[in-house]
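Residues per chain are reported as follows:
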Amino acid sequence: MPTFADNGDGGCARKILLKAIAKALHMTHSNADDYLRMYRQMVRIRTFEDNANQLYLSAKMPGLTHMYSGEEAVAVGICEALKTSDKITSTHRGHGHCVAKGADFKEMFCELLGKEEGYCRGKGGSMHIADQSNGNLGANAIVGGSMGIATGAAFSAKLLGKDDVAVCFFGDGATAQGLMYEVMNMAALWKLPVIYACENNGYSEYTRTDEIAAGSITARAEAFGIEAFQVDGQDVLAVNDLSQKLVERCRKGEGPFFIELMTYRYHGHHVGDINREYYRSKSEEKDWRENRDPITRFRAWLVEEGIASEEEIEAMNAAIKADASEAVEYALNAKYPDASEVDMHVFTDVEHALA
Amino acid sequence: MPTFADNGDGGCARKILLKAIAKALHMTHSNADDYLRMYRQMVRIRTFEDNANQLYLSAKMPGLTHMYSGEEAVAVGICEALKTSDKITSTHRGHGHCVAKGADFKEMFCELLGKEEGYCRGKGGSMHIADQSNGNLGANAIVGGSMGIATGAAFSAKLLGKDDVAVCFFGDGATAQGLMYEVMNMAALWKLPVIYACENNGYSEYTRTDEIAAGSITARAEAFGIEAFQVDGQDVLAVNDLSQKLVERCRKGEGPFFIELMTYRYHGHHVGDINREYYRSKSEEKDWRENRDPITRFRAWLVEEGIASEEEIEAMNAAIKADASEAVEYALNAKYPDASEVDMHVFTDVEHALA
Amino acid sequence: MRNITLSQAVNEALAEEMRRDSSVFIIGEDVAEAGTPFKVLSGLVEEFGTARVVDTPIAEPGFMGLAVGAAMTGARPVVDLMFGDFIFLIMDQLCNQAAKTHYMSGGKLNVPLVLRTNLGATRRSAAQHSQSLHALVAHIPGLKVALPSSAYEAKGLMKTAIRDNNPVVIFEDKLMYNDKATVPEEEFLIPFGEANIKREGEDITLIATSSMVQVCEKAADILAAEGISAEVIDPRTIVPLDEETLLRSAKKTSRVIVVDEGHQNFGITGEIAGRINEKAFYHLDAPVVRMGAMDVPVPFSPALEDITVPTPEAVAEKARLLMSGEMIHAA
Amino acid sequence: MRNITLSQAVNEALAEEMRRDSSVFIIGEDVAEAGTPFKVLSGLVEEFGTARVVDTPIAEPGFMGLAVGAAMTGARPVVDLMFGDFIFLIMDQLCNQAAKTHYMSGGKLNVPLVLRTNLGATRRSAAQHSQSLHALVAHIPGLKVALPSSAYEAKGLMKTAIRDNNPVVIFEDKLMYNDKATVPEEEFLIPFGEANIKREGEDITLIATSSMVQVCEKAADILAAEGISAEVIDPRTIVPLDEETLLRSAKKTSRVIVVDEGHQNFGITGEIAGRINEKAFYHLDAPVVRMGAMDVPVPFSPALEDITVPTPEAVAEKARLLMSGEMIHAA
Ligand SMILES: Cc1ncc(C[n+]2csc(CCOP(=O)(O)OP(=O)(O)O)c2C)c(N)n1
Ligand SMILES: Cc1ncc(C[n+]2csc(CCOP(=O)(O)OP(=O)(O)O)c2C)c(N)n1
Ligand SMILES: [Mg+2]
Ligand SMILES: [Mg+2]
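It is worth spelling out the environment of Asp343(A) at this point. Residue position: Asp343(A) is located in the segment after α13 (310-333). Judged by relative accessible area, Asp343(A) falls into the buried class, the value being 9%. Once residues lying within four places of it in the same chain are set aside, the contact partners of Asp343(A) are Glu351(A), His352(A), Ala353(A), Leu354(A), Ala355(A) and Val296(D). At a separation of 2.6 Å, a polar atom in the side chain of Asp343(A) contacts the side chain of His352(A).

Take a look at the structure:
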């Protein structure tokens, strides 16, 4: 199994590696704009989450939500390798995928607040946010529930002669769901253009991955004849590089593929999971935040490579922050759906299902 | 992965191997009675099935049934390594497991005919035959449906401090069911005393295994950290030898294990599957029947080793045939359950659920 | 006009719709060369190829989930579930995903998917291959549910289902695959939500679904010979349900029996009886009587199995009771 | 006597039964150190250890199947299913296996298993974490179904469930975990199949399950202020159902509303209304009225979600209508 994992030596070998990757990328992918867009998207995700968390803490958001902070390089590295018409399926921890696939803050915040202008007219909320205009088939509140859907999107691309690729995002915890093995078997048999992207953040809820996953996650995919990779999910360039290659190979009919992305969530399992020392230590959290943050790292590289100056980056950050505040403000003032919407959209062809 | 597969050279290397195994067995397991019992059990299964098939063809049996003929060495090789209190779960093709685990013909035929004296008072029939007195937790008409049950039997043995082992029989087709991966994960994490016995007879219904199973079946178990073996399922000694070792290791807490047993069903998928050349050739069937029959082979070995004479074997066969005829006759004349039984056994504590 | 079997009717419906719309495909176990164990799909793979008649591994949750995703992205899957009893395996993908996607996305994503499966006991297939589980599906908002009672309905409802942009579940009666009925040569569709008055009558209404339509027609024959005129109504789809037609008949005859092959408890008959009682209460001369399958797992033994399902005689007997007013004393 | 929360009541029931019988164990996701997301099981792993309070991978079908096998072989599992909505994932193991094993084996194999899960909307958890799916389970012969409506019932029914030799499904109302009620210190069990008359009344019967018991008690308060005396009955278990108590009340008041948080269509209310109509028809002054949750997937937006569930006001309004005879004109 090819390994792109961080060797954890604190940066030195890593920098050399990053430079080598960057050099390689420069050849195929010469525009600095791509890097800046990746940076921008990662910051947009982080900023979105900071605002969402704030909305929760100030009791302005209904329900709970799961923060993607810390995992930005995964969604961005992968989604930046996709076209708009490529499909993704997302998870309960889905804001990052949604932003990375092209969604706007306004409709997203409106959705989180249950407002009519949300992507789903307020009917889905955080756990079901979808953005079909950008190929996001939706977050899913059933762990593992979207594995069939992503595989089916790949199936229909093949059936209908489109060259779209589907990416299925899911957590390490979801690898325990049998559905994954069922659809990997079919994807392998039928050579479907789907990439299974396992975001291994080390935990499923309040349990460590090694307590719930026997053996090797990548070996499970390999047993079905699926090429599998492990990659440092905190390294957006490594993720993007691998993704570009696999997406291209998928389009040529060489799929499916499996990627295990080693990453970390900074917050609790959900916004309400505050006292979590019984399952993981503060020092572990601190280590990831301080030493492996995907944004901090990539920012340093951008500056070092001369792709952006500190000032440019600060300006970008500030602009994103302003965007987010504006969107939050907008969403807070936006209107709730009218009560009459409650029985709309039960069926496509019936205006009001209960009329 | 250790391989005990038939190398298909038509017998020569095989005989040498069998002898070596036999020698090894003689040391731990010096009684010829064991061999004779294995032979007897294989013939009992074949004879049971021939009678069941005849009952179907003569329209005396309600519904359909799935013949185990050809696969006898699998059930017998494994069940002869078990104690009565060890548990098995069985499949839609379950008569072989039932006989091998110690069931009587009379209650079995009664069950197949829906009679009151059947193992399940006629309520289960062929697809649900169970014999809890011998540790057979039942056939199952849901492909893969018993994988959790077997794993749970192993779990309770461990919880309750019994040293029982559980064996889960299932077909190659059942490896497509996600449930298998879910429970293998738990069995591996918790070191449960369960053996997953995959009867790979090359087909699931009317479809060849290679069309529905990507990659490698044993590798799938190995990916969960489970030791996996492939063995010639037509060689009762090879199966039994491996099973004894694994059962012992299970009792010591070294489980779970996975065995893929390469075998073949002689009949159609079920008794009504007569015209099957569109999915498999007569010559393939002929080859297995003539060159790899587990009973013929083992019989030859018994004679060659001087464990039994041709006459003794013929006498055994005849006695089994007579037993079976008598049981069939008995079952045909036995009475159906009284109509009042229809709402009994819905709940343990309610005599008549609808009274 | 010609007579064809229910099997042929389904086959024709699929073939016609697959010719009409290249995004329609069939997916399930042994649907291609084998044409399913019931041989309903014979010949389709020869015409449409294995890309559109897709044999799957034995992984019902998996191919159901795959179909949901395919339906969300431009294809129109017809999922073949070999036995209705296996619906328990796919409930999550059917009820948490397919049924809710359109709603949860605020109308942006569609799931134009047909799940074809079957129901019906008395085939000596025991508890895991004999269930009639349509009530479970009917309880979940977002799913339409069709119960064809003859080859005619099987064809017309299937074609409507395939063109519907919502998930539709069709339960065929597996004992009826070889039953023939008159089915037009020319194309036709049967709209959802229109009950069919199979037989007009004045004295009592028998509302019957699927397999029970034939049972009630026979019961009506028995009753006719005794001078009792029974109206037999087949709702054809239970979601949407043509309440209007049912209520009209109930008000006309003032006596109703609802007959269905699902388990009686918490099943179809309670819903239909509940609605009629609620909305035609003051027109009824007697309570709506419910006859479902017995509330026991389906037993294997023929001696037991046959008594778990309503028969024409049992329906006629209840009707007589209702007519005679004996229900009054019982109540 | 003391007041404890529903959460504590469940915790106590489990602890007592686990002390009493060493074959009882708990299995599910994050049940051990975390004590479940709702913290209902806090402290149990400390007393009983990880061998009996077993954290599983996220594999509901798998651990449900495992529990069925464990139950068949001498253990008594209490399966913890984090959200009632996940029941769709385990339907096969629950309904094809657990429910049918005793019957299919002719009474030889038992499955003494408790599935504890929850129901209830208005928690802003959207369509896949808010469903009340007890009707599905109640439809399947072989399963008992309990719906505790307070801490008292939660404890007494749980203890009975654990000692029952059949598979029992208990749906707790997830919004009630912190609600307190008086619960005796000394040991008690609540037998299955005995409805509880929460409040006696003369004019109208409100039959309410689970979360709707509180709703109907509030409705009864509203009505009392207007001079209408409502009887509130909680069946406590819907399988077995204490038909006798329900019928007695129906006959007494002659007016009945059935209120349940499951979807109304093809749900609990139809069954209960159907039985009362059938068996108390000539005692009723008006049709039995059904109030279930709205037949839509549960929407996320608070503005929409709150109107999908029956409220005290809505129940009182229906009761007034029934009392005033306006239903007659509507019908
Ligand atoms: C089928 C199902 N089971 C359980 C849950 C509850 N649950 C929500 S998220 C989660 C953990 C998921 O872990 P993982 O897949 O690793 O994703 P992460 O939260 O780490 O991103 C669990 C158990 C659920 N939503 N769906
Ligand atoms: C869940 C489920 N899906 C489909 C079927 C129909 N079916 C019965 S046996 C069978 C094939 C099983 O193949 P395999 O597991 O290889 O066992 P074999 O029949 O070869 O012994 C199928 C598809 C079923 N009974 N249960
Ligand atoms: Mg995780
Ligand atoms: Mg096979």
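Moving on to the coordination of the magnesium ion (ligand 4). Residue and element names in this part refer to chain B. The magnesium ion (ligand 4) binds to the protein through Asp172 (OD), Asn201 (OD1) and Tyr203 (O); the donor distances cover 2.1 to 2.2 Å. Mapped onto the polypeptide sequence, the residues donating to the magnesium ion (ligand 4) form the spacing pattern D-x28-N-x1-Y. A residue pair is termed long-range when its members are at least 10 positions apart, and aspartate 172 in the loop between β3 (166-171) and α7 (179-190) and asparagine 201 in the loop between β4 (194-200) and β5 (203-204) qualify at 29 residues. When sorted by exposure, aspartate 172 lands in the same class as asparagine 201, which is buried.

Looking now at the site of ligand 2. Of all residues adjacent to ligand 2, which total 22 residues, the nearest are His92(B), Arg93(B), Gly173(B), Asn201(B) and Glu60(C). More than one chain reaches ligand 2: its neighbouring residues belong to chains B and C. In the environment of ligand 2, an oxygen atom lies 2.7 Å from a nitrogen or oxygen atom belonging to the side chain of Asn201(B). Coverage of ligand 2 by the protein chains reaches 97% of its 580 Å² of free accessible surface. When the residues that make up the shell around ligand 2 are grouped by side-chain class, the tally is nine nonpolar, eight polar and five charged.

Our focus in this paragraph is the relation of the copies chain D and chain C. Aligned on chain C, chain D shows an RMSD of 0.0 Å; the corresponding rotation is 180° and the shift along the axis is 0.0 Å. Each copy turns onto its partner about a two-fold axis. In this assembly the copies share their binding face: 100% of the residues contributing to the interface of chain D also contribute to that of chain C.

Another aspect to go through is the confidence of the model for chain A. Here chain A shows a mean pLDDT of 94. Residues at 70 or above account for 92%. Between residues 1-11 of chain A, whose pLDDT stays under 50, and residues either more than four places distant or in other chains, the model counts 21 contacts.

Another point: the pairing of strand β14 (residues 289-293) of chain C. Residue and element names in this part refer to chain C. The buried count for β14 comes to five of five residues, which makes it a mostly enclosed element. Sheet topology note: the strand β13 (residues 256-263)/β14 ladder contains four bridges and is parallel. Of the residues in β14, the one forming a bridge with valine 258 is arginine 290. Following the chain from β13 across helix α9 (residues 268-280) to the adjacent parallel β14, one finds a crossover that is right-handed.

So, about the interface of chain D and chain C. Listed as interface residues are 56 residues of chain D and, on the opposing side, 56 residues of chain C. Summing both partners gives a buried area of about 5100 Å² for chain D against chain C, and 65% of it is carried by carbon and sulfur. A per-residue breakdown of the area chain D buries against chain C is headed by His139(D), Phe266(D) and Glu278(D), which together make up 18% of the total. Counting across the interface, chain D meets chain C through two salt bridges. Glu271(D) is paired through a salt bridge with Arg290(C); the nearest N and O atoms lie 2.5 Å apart. There are 24 residue pairs in polar contact (both at pLDDT 80 or more) connecting chain D and chain C. Of all the secondary structure elements, the ones that give two or more residues to the side of chain D that touches chain C are α4 (87-104), α5 (134-138), β12 (237-239), β13 (256-263), α9 (268-280), β14 (289-293) and α12 (326-330) of chain D. When residues of the side of chain D that touches chain C are assigned to their parent elements, the largest contribution, 10 residues, is made by α4(D). In the side of chain D that touches chain C, the residues fall into 31 nonpolar, 15 polar and 10 charged.

Surveying the vicinity of ligand 1 reveals 22 residues, the closest of which are His92(A), Arg93(A), Ala141(A), Gly173(A) and Glu60(D). Two or more chains meet at ligand 1, and those chains are chains A and D. A distance of 2.8 Å separates a nitrogen atom of ligand 1 from a polar backbone atom of Ala141(A). Tyr203(A) has a polar backbone atom sitting 2.9 Å from an oxygen atom of ligand 1. Relative to its unbound accessible surface of 580 Å², ligand 1 loses 98% to contact with the protein. Of the residues in the shell around ligand 1, the class split is nine nonpolar, eight polar and five charged.

Criteria and cut-off values
- Along each chain, the written sequence defines residue order, and numbers are assigned to residues from 1.
- Labels are handed out in written order, letters beginning with A for the chains and numbers beginning with 1 for the ligands.
- Where local features are concerned, this predicted model is filtered to residues with pLDDT of at least 70; where side-chain atom pairs are given and counted, the filter is 80 or more; whole-chain, interface and lining totals use all residues.
- Values shown for side chains rest on all heavy atoms present in the structure; no hydrogens or waters enter the calculation.
- The helix and strand labels rest on DSSP assignments: H or I over at least four residues marks a helix, E over at least two residues marks a strand, and numbering proceeds from the N terminus.
- Here the term buried applies to any residue with accessible area under 20% of the maximum for its type, exposed to any over 50%, and partly exposed to those in between, with areas from a 1.4 Å probe on protein chains only.
- Two residues form a contact once any of their heavy atoms are found within 4.5 Å.
- Pairs of N or O atoms within 3.5 Å make up the polar contacts considered here, provided that, within protein, one atom can donate a hydrogen while the other can accept it, and that residues adjacent in sequence are counted only when both atoms are side-chain atoms.
- Donor atoms (N, O, S) are those found within 2.8 Å of the metal centre, with the cutoff raised to 3.2 Å for Na, K and Ca; water is not part of the atom list, so apparent gaps in a site can occur.
- Proximity is defined per residue: any heavy atom of the residue falling within 4 Å of a molecule or strand makes that residue near it.
- Areas reported here follow the Shrake-Rupley algorithm with a probe of radius 1.4 Å; residue values treat only the protein chains shown as occluding.
- Residue type decides the class: Asp, Glu, Lys and Arg count as charged, Ala, Val, Leu, Ile, Met, Phe, Trp, Tyr, Cys and Pro as nonpolar, and the leftover types, Gly among them, as polar.
- For this overlay, a least-squares fit was computed on C-alpha atoms, restricted to residues scoring pLDDT of at least 70 in both copies.
- One confidence number per residue, pLDDT, is output by the predictor and ranges from 0 to 100.
- Only strands that DSSP links by at least two bridges are regarded as paired with each other.
- For a crossover, the right-handed case is the one in which the path from the first strand over the helix to the second runs clockwise, viewed with the strands pointing away from the viewer.
- Each of two parts loses accessible area, computed with a 1.4 Å probe, when they are put together; buried area is these two losses added.
- In what follows, salt bridge is the name for a side-chain nitrogen of Lys or Arg lying within 4 Å of a carboxyl oxygen of Asp or Glu.

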